[in-house]
Amino acid sequence: MRYTIKTFNEKFPNDDACLYYLFEQTYGNMTTCPHCGVTEPSYYRVKNRKCFECKDCGNQIHPLANTIFHKSSTPLRSWFYIIYLFSVAKNGVSAKEVERHLGVTYKCAWRIAKQVRELMNQETGRLTGTVETDETYI
Ligand SMILES: [Zn+2]
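Residues numbered from 1 in each chain as written. Predicted model: local features only at pLDDT ≥ 70, side-chain atom pairs only at ≥ 80, totals over all residues.

Turning our attention to helix 2 (residues 15-27). Spanning 13 residues, helix 2 covers 18 Å between terminal C-alpha atoms, matching the ideal 18 Å at 1.5 Å per step. Every buried residue of helix 2 is listed here: Cys18, Leu19, Leu22 and Phe23. Seen end-on, helix 2 carries its buried residues on one side only, within an arc spanning 135°. Where the residues of helix 2 are buried, they touch strand 2 (52-54) and helix 3 (76-88). (Helix = DSSP H or I, 4+ residues; strand = E, 2+ residues; numbered from the N terminus. Expected span 1.5 Å × (residues − 1). Buried ≥ 20, exposed ≤ 12 C-beta atoms within 10 Å, placed from the backbone. Arc of directions from axis to C-beta. Contact = placed C-beta atoms within 7 Å.)

Further remarks concern unusual backbone geometry. One non-glycine residue with positive phi stands out, namely Glu40, at about 45°. With respect to the helices, strands and loops of the structure, Glu40 is situated in the loop between helix 2 and strand 1 (43-45). Classification of Glu40 by C-beta neighbours within 10 Å gives exposed; the count is 8. Positive phi is not limited to glycine here, since Asn48 has a value of about 60°. Turning to its location among the elements, Asn48 is positioned in the loop between strand 1 and strand 2. When the 5 C-beta atoms within 10 Å are taken as the criterion, Asn48 is described as exposed.

This paragraph deals with the sheet that holds strand 2. The strand order across the open sheet formed by three strands is 1-2-3, and the pairing between neighbours is antiparallel. Edge positions in the open sheet fall to strand 1 and strand 3 (60-61), since each of these has one partner strand only. Across two bridges, the pairing between strand 2 and strand 3 is antiparallel. Across the sheet, residue Glu53 finds its bridge partner in strand 3, namely Gln60. (Pairing = 2+ DSSP bridges.)

For helix 5 (residues 106-121), which comprises 16 residues, the first-to-last C-alpha distance of 22 Å matches the rise-based estimate of 22 Å (1.5 Å per residue) to within 8%. Along helix 5, the residues that are buried comprise Ala109, Ile112, Ala113 and Val116. Here the buried residues of helix 5 occupy an arc of 95° about the axis, which is enough to place them on one side. Facing away from the buried side of helix 5 by over 90 degrees, the exposed positions are Lys107, Glu118 and Asn121. The secondary structure elements touched by the buried residues of helix 5 are helix 3 and helix 4 (95-102).

What follows deals with the environment of Ser73. By the secondary structure assignment, Ser73 is in the loop between strand 3 and helix 3. The exposed category is assigned to Ser73, around which 6 C-beta atoms lie within 10 Å. For the pair formed by Ser73 and Cys108, sequence separation is 35 residues and the distance between their alpha carbons is 9.9 Å.

Moving on, we get to the environment of Lys50. Of note, Lys50 is situated in the loop between strand 1 and strand 2. As for Lys50 and His62, which are separated by 12 residues in sequence, their C-alpha atoms are 6.5 Å apart. Beyond its immediate chain neighbours, meaning those up to four positions away, Lys50 contacts Leu19, His62 and Leu64.

With that settled, the discussion passes to the nonpolar core. One finds Ile82 and Ile83 to be the most contacted residues of the largest nonpolar core, which totals 19 residues. Elements that contribute at least two residues to this core include exactly helix 2, helix 3 and helix 5. Looking at which element gives the most residues to this core, the answer is helix 3, with seven residues. Two domains each provide a minimum of three residues to this core, namely domain 1 (5-61) and domain 2 (76-133). Other than its neighbours up to four places away in sequence, Ile82 contacts Val98, Ile112 and Val116. (Core = buried A, V, L, I, M, F, W, Y, C linked by C-beta atoms within 7 Å. Domains from an automatic or database assignment.)

Okay, structure coming up:
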């Protein structure tokens, strides 16, 4: 199946979908809570915050920690969209294109492009789990 913009939009309709995705990729297979040790822990999303909390002990997990998305003022979905663009572009994506797509300043666009480029060149990136798109694995 081809990974098109339609696929992307369906899978990541908003920032929350992206956040859940990151959580699932990294912590979806957790069999015990790393903090209290309860088996098959149930972590729920903390309202209005980008973290998840153990129902039993209150331990919080921040899926954005140690990723390029952490403390960024750029919406998570914008990051994901740029990663999508990079993954489908045959000849890379320029900062100018990022600027145009996101409507951000060139400086901001340049930084985003640089970080995504670095991420995609890494064998084991900080973006945890497998991000699968057409012909590209991050
Ligand atoms: Zn716990």
